Amino acid sequence: MNKNLLLVGGDERFITVANTLSDYGFNTFVTAFRKNKNFKNNIRFLNSIFEMENADYVILPLPATKDKLTVFAPFSDTEIYLDDIYSNIKDCTLLCGKVDESIENSVKKYSIDVIDYFADETLTILNCIPTAEGAINIAIENTASTIFGSNCLVLGFGRVGKILAKTLSSLGANTFVEARKNSDLAWIKAFGYEGIKLDELKNSINKFDIIFNTIPHKILNEDILSNLKKDCLIVDLASYPYGADINFCRDNKIKYIIASSLPGKVAPHFAGKLIANTINDIIYERQVY
């Protein structure tokens with residue numbers, strides 16, 4: 001490929017991202033990440049982003065940032081500010097995971113070409129597999145009974161909800177799925193699950209042993225949570241502001257586990273491969289077309 005790639009920050013997934021992209025023939029540089037033996041020998045480490053003068057692509061992690069100011073870099077000894085990256089990029093493309101409004105506004109100001117690799121449908125769908133498996137693993141570790149025969153509720157029927165419901169059903173759970181759209185409820189019925197409308201939650205919530213939330217909106221308010229079955233476990237897979245009243249759960253000793261960003265925790269190698277393959281495809285398509 002003979003392209004120079006600079007990876008800035010990231011979690012354990014980005015060890016695999018760097019190694020895989022290097023295997024594909026890219027000249028791969030890494031910064032904002034402590035060296036460890038899992039990186040391949042041909043990966044080159046930089047002390048700062050300012051040492052890289054001829055990058056063709058700068059790759060930020062997934063998510064690119066958690067505070068809108070600094071790069072998500074849990075293995076870095078120093079904070080890396082997004083504005084420092086933007087101001088240092090010249091004649092190269094920025095690849096980010098989960099480009100939000102703040103990033104969009106900033107790159108416009110600096111006239112930077114940016115691509116959100118997490119917008120790739122293949123990546124987002126396959127990324128749901130470790131999310132579902134991780135969520136079920138959390139449920140197994142935090143309940144006294146099996147998934148088989150348990151009454152499990154999935155809130156939301158998006159990508160994660162679909163794969164999670166399928167996996168739960170295959171494990172023998174009595175699988176219920178909440179959805180708003182009539183078309184989703186029809187699909188839920190066609191797949192053999194039990195559909196529940198949002199306005200039915202309050203009266204049916206007390207039958208569930210485990211609840212998995214995939215919706216970043218406070219669906220489980222105090223009124224609904226008051227009717228929970230004793231020892232019901234809630235596993236929240238959504239991003240902030242999550243799906244339940246956190247204070248009410250804490251004050252009433254409800255078993256509530258926030259479990260966002262699972263792929264990087266439960267299957268970093270698998271998830272890293274997905275990211276690297278997506279980035280490789282993006283670069284290849286830009287060269288060809």
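Just so you know, these numbers come straight off a predicted model, no measurement behind them.

Novice: Give me the lowdown on the packing of aromatic side chains, citing residues and values where you can.
Specialist: All chains considered together, the criterion is met by nine aromatic pairs. A ring pair is formed by F33 and F39, whose centres lie 5.3 Å apart and whose planes are at 90°; its orientation type is edge-to-face. The burial state of F33 is the same as that of F39; both residues are buried. Between the aromatic rings of F176 and F208, the centroid separation amounts to 5.1 Å while the plane-to-plane angle is 75°, which identifies the pairing as edge-to-face. Residue F176 is found in strand β8 (residues 174-178), and its partner F208 is found in the loop between α8 (201-204) and β10 (210-213); the two are separated by 32 residues along the sequence. Considered together, F176 and F208 belong to a single accessibility category, that of buried residues. Here a set of aromatic residues connected by ring pairs shows up, and it is made of F33, F39, F45 and F75. Stacked on the ring of F157, the Lys or Arg K162 has its end atom at 4.6 Å from the ring centre.

Novice: Describe the environment of L94, naming the residues involved and giving the relevant values.
Specialist: Secondary-structure assignment places L94 in strand β5 (residues 93-96). What makes L94 buried here is its relative accessible area of 0%. Once the C-alpha coordinates of L94 and Y57 are considered, the two residues, 37 residues apart in sequence, prove to be 5.8 Å apart. Setting aside residues up to four positions removed in sequence, L94 forms contacts with V58, L60, Y86, I89, V107, I112, D113, V114 and I115.

Novice: Can you lay out unusual backbone geometry for me, pointing to particular residues and giving the numbers?
Specialist: In this structure, the amide linkage connecting L62 to the following residue, P63, adopts the cis form with an omega of -5°. Relative to the helices and strands, P63 resides in the loop between β4 (57-59) and α2 (82-88). Note the cis peptide between Y240 and P241, where omega equals 15°. Within the fold, P241 resides in the loop between β11 (233-236) and α10 (246-251). The residue K98 is not glycine, and still its phi comes out positive at about 65°. One can find K98 in the loop between β5 and α3 (101-110). For Y242, which is not glycine, the phi dihedral falls at a positive 65°. Checked against the element boundaries, Y242 lands in the loop between β11 and α10.

Novice: Describe helix α6 (residues 159-170), naming the residues involved and giving the relevant values.
Specialist: Because each turn of an α-helix spans 3.6 residues, side chains separated by three or four positions end up pointing in the same direction. Taking 1.5 Å per residue, 12 residues should reach 16 Å; α6 reaches 17 Å between its end C-alpha atoms and fits that length. In this structure, the buried residues of α6 make contact with α5 (128-141), β7 (151-155), β8 and β10.

Novice: Lay out α3 with the relevant residues and their values.
Specialist: Among the residues of α3, those classed as buried are I103, S106 and V107. Looking straight down α3, one finds its buried side chains confined to an arc of 95°; they lie on one side. Turned more than 90 degrees away from the buried face of α3, the exposed residues are E101, K108 and K109. Next to the buried residues of α3 lie α2, β5 and β6 (113-116). The first or second residue beyond α3 is S111, which carries a positive phi of 55°.

Novice: Explain the sheet that holds β4 to me, using residue names and the numbers behind them.
Specialist: The strand order β3-β2-β1-β4-β5-β6 describes an open sheet built from six strands, whose pairing is parallel. The open sheet has two free edges, formed respectively by β3 (44-45) and β6, since each of these has just one partner strand. One ladder, built from three bridges, connects β4 with β5; its direction is parallel. Residue pairing in the sheet places V58 in a bridge with L94 of β5.

Novice: Please set out the nonpolar core residue by residue, giving values where relevant.
Specialist: Core analysis: the largest hydrophobic core is formed by 26 residues, its most contacted members being L7, L21, Y117 and I279. Among the elements that take part in this core, helix α12 (residues 268-288) stands out by supplying six residues, more than any other. Once you skip the residues sitting within four places of it in the chain, L21 turns out to touch L5, L7, F26, T28, I59, A276, I279 and N280.

Novice: Quick rundown of the packing of α5 against α6? Include the residues and the values.
Specialist: To describe two helices that pack against each other, one gives the angle between their axes and the distance between the axes. The N-to-C vectors of α5 and α6 enclose an angle of 50°; their axes lie 9 Å apart at closest approach. With respect to their mutual orientation, α5 and α6 come out oblique. As for how α5 packs across α6, the hand of that crossing is right-handed. Contacts between α5 and α6 involve C128, I129, T131, A132, A135 and I136 from the former and R159, V160, I163, L164, T167 and L168 from the latter. Split into classes, the residues belonging to the contact of α5 with α6 amount to nine nonpolar, two polar and one charged.

Novice: Mind laying out the sheet that holds strand β9 (residues 194-196), listing which residues take part and the relevant values?
Specialist: An order of β9-β8-β7-β10-β11-β12 is seen for the six strands of this open sheet, with the pairing classed as parallel. Looking at strand neighbours, the two that pair on one side only are β9 and β12 (255-258), the edges of this open sheet. Sheet twist, expressed as the mean angle between neighbouring strand axes with direction ignored, is 20°. For β7 and β8, the ladder comprises five bridges, and the chain directions are parallel. Within β8, the residue paired with L155 across the bridge is E178. Strands β7, β8 and β10 of the sheet are contacted by α6, whose axis makes an angle of about 170° with β7.

Criteria and thresholds
- Residues numbered from 1 in each chain as written.
- Predicted model: local features only at pLDDT ≥ 70, side-chain atom pairs only at ≥ 80, totals over all residues.
- Heavy atoms only, no water.
- Phe/Tyr/Trp six-rings, centres within 6.5 Å; stacked < 30°, edge-to-face > 60°.
- Buried < 20%, exposed > 50% of the residue type's maximum accessible area, 1.4 Å probe, protein only.
- Helix = DSSP H or I, 4+ residues; strand = E, 2+ residues; numbered from the N terminus.
- Lys NZ or Arg CZ within 6 Å of the ring centre and 35° of its normal.
- Contact = heavy atoms within 4.5 Å.
- Expected span 1.5 Å × (residues − 1).
- Arc of directions from axis to C-beta.
- Pairing = 2+ DSSP bridges.
- Core = buried A, V, L, I, M, F, W, Y, C linked by side-chain atoms within 4.5 Å.
- Axes fitted to C-alpha atoms, helices over the stretch in contact; angles between N-to-C directions.
- Parallel < 35°, antiparallel > 145°, perpendicular 65-115°, else oblique.
- Left-handed = near helix turned anticlockwise from the far one by under 90°.
- Nonpolar A, V, L, I, M, F, W, Y, C, P; charged D, E, K, R; others polar.

Spatial relationships are all this shows, so hold off on functional conclusions.
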